[in-house]
Amino acid sequence: MKRSYYRHLSRPCKILIFLAHAIDERDNISMHSPTKTGQTWDTEAYAAHGRFVATLAADVVTLLAPKPGEQILDLGCGDGALTEQLAATGAIVLGVDSSPTMLAAARQRNLRVEQHHATALPHHQQFDAVFSNAALHWITGIAGQQATLAGIHRALLPGGRFVAELGGHGNIAAIRTALQATLAPFGIDAEAIAASFYPAPAVYRRLLEGAGFTVQSIHLIPRPTPLPNGMESWLNTFRNGVLDQLNPTDRATAIANTIALLEPILRDADGNWTADYVRLRFHATANH
């Protein structure tokens, strides 16, 4: 490529060209062999940079409409910030999560919680409602979703309701594309390692109906989400399972390149970042 042409390209274009050449020269790059997929959670980082997850859940809580005395299971309760809000309505809430560190934080709020993986819930016709916010998209693949929905259906009383919100089709598409591009030279498939599940409404409707639910409503909701602490903190909080595959030097390089690709798309002229979130929200009832 002629230097005069290269010099006039924008920075993101230069990065993409560099990445393309880097992939061709992979023999000269130290390769990684990641074996662990999914996300790991740092409770302090989540509290500092991920609190918007609970703050922006008002609409799905309204859809749940918790009532005093109701038995409610909060699936994927995390550190309990939203579970605490549900309990404040007078509902009797049990939080469930697979992360020991998140559950430890939830217990500090004096909440009743149990450690279970979503695909192996032990409950049987105990709850008037099951609620989940920003958790179901961490369950990998159709088989994992089917196992989870079967456990949720089993946990509900006849006619019980299941109200949830998760990442939907197109969620954080720009961020995921940028990560895929920047991590490819390191031999890392960012999508495969993240192992997230962002379904379209028709796909999840079929899963719900196949598990014995009647779908009352299901909608895909674009929700551009401000990131007051910036893109770097978001990446380190919500994609650390991917970034942890890298050594510190390569991690810093990958983050810098990802941010450079995203700046023209997700950062405004005042320096404010907005993530391209898309949510899938639904209300279903259990047939027995």
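Residues numbered from 1 in each chain as written. Predicted model: local features only at pLDDT ≥ 70, side-chain atom pairs only at ≥ 80, totals over all residues. Heavy atoms only, no water.

**Re the packing of helix 8 (residues 141-155) against helix 11 (residues 201-210)**
Part 1 of the reasoning: Close contact between helix 8 and helix 11 brings their axes to 9 Å; oriented N to C, the two are set at 45°. In terms of axis orientation, helix 8 runs oblique to helix 11. Where helix 8 crosses over helix 11, the two elements pack in a sense that is right-handed. Here Ile 142, Gln 145, Gln 146 and Leu 149 of helix 8 come into contact with helix 11, specifically with Tyr 204, Leu 207 and Leu 208.
Part 2 of the reasoning: Residues that form the contact of helix 8 with helix 11 fall into these classes: five nonpolar, two polar and no charged. (Axes fitted to C-alpha atoms, helices over the stretch in contact; angles between N-to-C directions. Helix = DSSP H or I, 4+ residues; strand = E, 2+ residues; numbered from the N terminus. Parallel < 35°, antiparallel > 145°, perpendicular 65-115°, else oblique. Left-handed = near helix turned anticlockwise from the far one by under 90°. Contact = heavy atoms within 4.5 Å. Nonpolar A, V, L, I, M, F, W, Y, C, P; charged D, E, K, R; others polar.)

**A short note on the environment of Phe 162**
Part 1 of the reasoning: With respect to the secondary-structure elements, Phe 162 resides in strand 5 (residues 156-167).
Part 2 of the reasoning: In this structure the C-alpha to C-alpha distance between Phe 162 and Phe 282, which are 120 residues apart in sequence, comes to 8.0 Å.

**Digging into the pattern of salt bridges**
Part 1 of the reasoning: A complete count under the given rule lists nine salt bridges for this structure.
Part 2 of the reasoning: If you follow the salt bridges from partner to partner, you end up with Glu 165, Arg 223, Arg 279 and Arg 281 in one network. (Salt bridge = Lys/Arg side-chain N within 4 Å of Asp/Glu carboxyl O.)

**As for the confidence of the model for the protein chain**
Part 1 of the reasoning: With 81% of its residues at a pLDDT of at least 70, the protein chain reaches an overall mean of 86.
Part 2 of the reasoning: Of the regions scoring below 50 in pLDDT, residues 1-9 engages in eight contacts with residues more than four places distant in sequence or in other chains. (pLDDT = per-residue confidence, 0-100.)

**Some remarks on the sheet that holds strand 7 (residues 273-286)**
Pairing between sheet strands relies on hydrogen bonds along the backbone, with the strands arranged either parallel or antiparallel.
Part 1 of the reasoning: The seven strands are arranged 3-2-1-4-5-7-6 in an open sheet whose pairing can be described as mixed. Looking at strand neighbours, the two that pair on one side only are strand 3 (113-115) and strand 6 (213-227), the edges of this open sheet. Direction aside, the axes of adjacent strands within the sheet are offset by 15° on average.
Part 2 of the reasoning: Alignment of strand 6 against strand 7, held across 14 bridges, turns out to be antiparallel. Residue pairing in the sheet places Thr 225 in a bridge with Ala 275 of strand 7. (Pairing = 2+ DSSP bridges.)

**Observations regarding helix 11**
Part 1 of the reasoning: Among all positions in helix 11, only Tyr 204, Leu 207 and Leu 208 are buried. Projected down its long axis, helix 11 shows its buried positions confined to an angular sector of 100°, all on one face. The exposed residues of helix 11 that point more than 90 degrees off its buried face are Arg 206 and Gly 210.
Part 2 of the reasoning: A positive phi of about 100° marks Gly 212, the residue just after helix 11. (Buried < 20%, exposed > 50% of the residue type's maximum accessible area, 1.4 Å probe, protein only. Arc of directions from axis to C-beta.)

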